[in-house]
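Residue-level structural notes
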Amino acid sequence: MRIGIIIGKEGEEYLYDDIRKMVPSKYYKTDVYGTKIINTDVAIAYTIKERYPLLKMDIIEPKDLSLQRLKKNDINFILGYDYISSLNESPYIKKFAGVEGSNKIAEMYASPSSKIFPSFNFLSFIWDKKRYLQHLQKHNIPISETIFFKGNQNHMKLLQQIQRHKWSYFIIKPNGGTEKGGVKVFSVKELLKQPSKLADYFSEMGEIWAEFLVQERIDGFLKYGEIKSYWMDGKFSYAVNIQDKNTDEPDENGDIFIYDDLIVHTEIIDKKVLDEIKKIGEKVIECIPKISFNRKRVLPAMVRIDFACCLHNRPKKASNYYVNEIEHQDAGSLTDTEEIKYPYVEVMADTFVKKCNELKL
């Protein structure tokens, strides 16, 4: 069996020497401090090589991606570079830059002969936050109330709609954006004095994004952080509560920035909250699309479901948690935080091989 691993992660360092010493220098990256590191996508590939020596591994860097290369493998797991990566130029790859380049990636991954996992149909669902939020809402899974807005629509009508919701503060996010890029917090009170700020935002962001998600600012998201839960082959595996200390409040313009010295806070999750997110997570796994591959319909290898509190800014309790985001198997692992002992890399490596066996490759 020949397994392809599409790498390309940035800033997701693997800390442990047991795998690091096996990795050739060409896969090392230089971080913002000038330190040579390997990322978790490379660590997963080399963990498979170490644990399953009879398997053939093809580690594919974004610059070397081609349909011809993918065709040579029995399966190709996307772990570091996909359509959203090219859209956000993270990392920048000249041949996949811009709209034309992103379309090349989409066409490549949409081809059945690319043998990518998860399938393009599943990826398209995960990449489109509007699509999956509406899908979750249809299945009575709690989400934050969301207005879907195109940047060329009437901005004042949007403001009126927000007023009807009685939101004092709201957040706008580009649909398809990653991390906190393009995310901005607005005060309704301030916008009523200076509505041009809203038009200015859409004028700037509309050059990159066509559609946006508008949601009430949830104070608990900043106060309590976010619970990131990992579901391996459809089953709950691990959850951690992360609080980003660098984004306690947006700046005076409402902008939220990413810092190189990102600090995360971990804490024990209350049992009632954990039970509730497991119950919601099971419903999510049940309703999301299955993956078609090799004439079989299977569950994704890994899905990360992120939860936040509290819906409608209600008090903190288990019943007020909601799904904030869903990510596929290339989602951040947080293994570069020493407080987290979950063996993400090893679990992912074993899960990928198990998936290959399930697909009878």
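The following paragraphs examine the structure supplied in this document. (Residues numbered from 1 in each chain as written. Predicted model: local features only at pLDDT ≥ 70, side-chain atom pairs only at ≥ 80, totals over all residues. Heavy atoms only, no water.)

Summed over the entire model, instances satisfying the criterion amount to 20 aromatic pairs. Between F170 and F186 the ring centres are 5.5 Å apart and the planes differ by 20°, which places this aromatic pair in the stacked class. Placement of F170 in strand β8 (residues 169-174) and of F186 in strand β9 (residues 184-187) is noted, with a sequence separation of 16 residues between them. Taking the relative accessible area as the measure of exposure, F170 reaches 0% and is therefore buried. Classification of F186 as buried rests on a relative accessible area of 5%. Aromatic pair W231 and F236: ring centres 5.4 Å apart, planes at 75°, arrangement edge-to-face. On the basis of relative accessibility, which here comes to 2%, the residue W231 falls in the buried class. (Phe/Tyr/Trp six-rings, centres within 6.5 Å; stacked < 30°, edge-to-face > 60°. Helix = DSSP H or I, 4+ residues; strand = E, 2+ residues; numbered from the N terminus. Buried < 20%, exposed > 50% of the residue type's maximum accessible area, 1.4 Å probe, protein only.)

Note on placement: H155 falls in helix α8 (residues 155-165). Among the residues examined, H155 registers a relative accessible area of 19% and is labelled buried. Filtering out sequence-adjacent residues up to four positions away, H155 remains in contact with F149, L198, A199 and F202. (Contact = heavy atoms within 4.5 Å.)

Of all five residues making up strand β4 (residues 56-60), four are buried, and the element is well covered by its neighbours. Pairing of strand β1 (residues 2-6) with β4 involves five bridges; the strand directions are parallel. Opposite I3, over in β4, you have M57 as the bridge partner. (Pairing = 2+ DSSP bridges.)

A few words now on the state of the cysteines. Covalent bonding between the sulfur atoms of two cysteines defines a disulfide. Taken as a whole and assessed by the stated rule, the structure comprises one disulfide. With a sulfur-sulfur separation of 1.9 Å, C309 is cross-linked through a disulfide to C310. Judged by the sign of its S-S torsion, about 85°, the cystine formed by C309 and C310 is right-handed. You'll find C309 and C310 in the same group, each marked buried. (Disulfide = S-S within 2.5 Å.)

Turning to the sheet that holds strand β7 (residues 146-150), a few remarks are in order. Ordered in space as β7-β10-β8-β9, the four strands form an open sheet in which the pairing is antiparallel. If you trace the sheet from one side to the other, it starts and ends with β7 and β9, each paired once. Neighbouring strand axes in the sheet, compared pairwise and without regard to direction, differ in orientation by 30° on average. Pairing between β8 and β9: four bridges, direction antiparallel. Considered in β9, the bridge of F170 is made with F186. Strands in contact with helix α7 (residues 129-138) are β7, β8 and β10 (211-216); relative to β10, the strand with the most contacts, it is inclined by about 45°. Sitting on the sheet, α8 touches β7, β8 and β10, and the angle it makes with β7 is about 175°. (Axes fitted to C-alpha atoms, helices over the stretch in contact; angles between N-to-C directions.)

Another aspect to go through is the environment of K341. Summarising the element assignment, K341 is placed in the loop between β17 (321-327) and α13 (344-358). By relative accessible area, which is 66% here, K341 ends up exposed. On a C-alpha basis, the gap between K341 and R314 in space is 32 Å, while along the polypeptide they are 27 residues apart.

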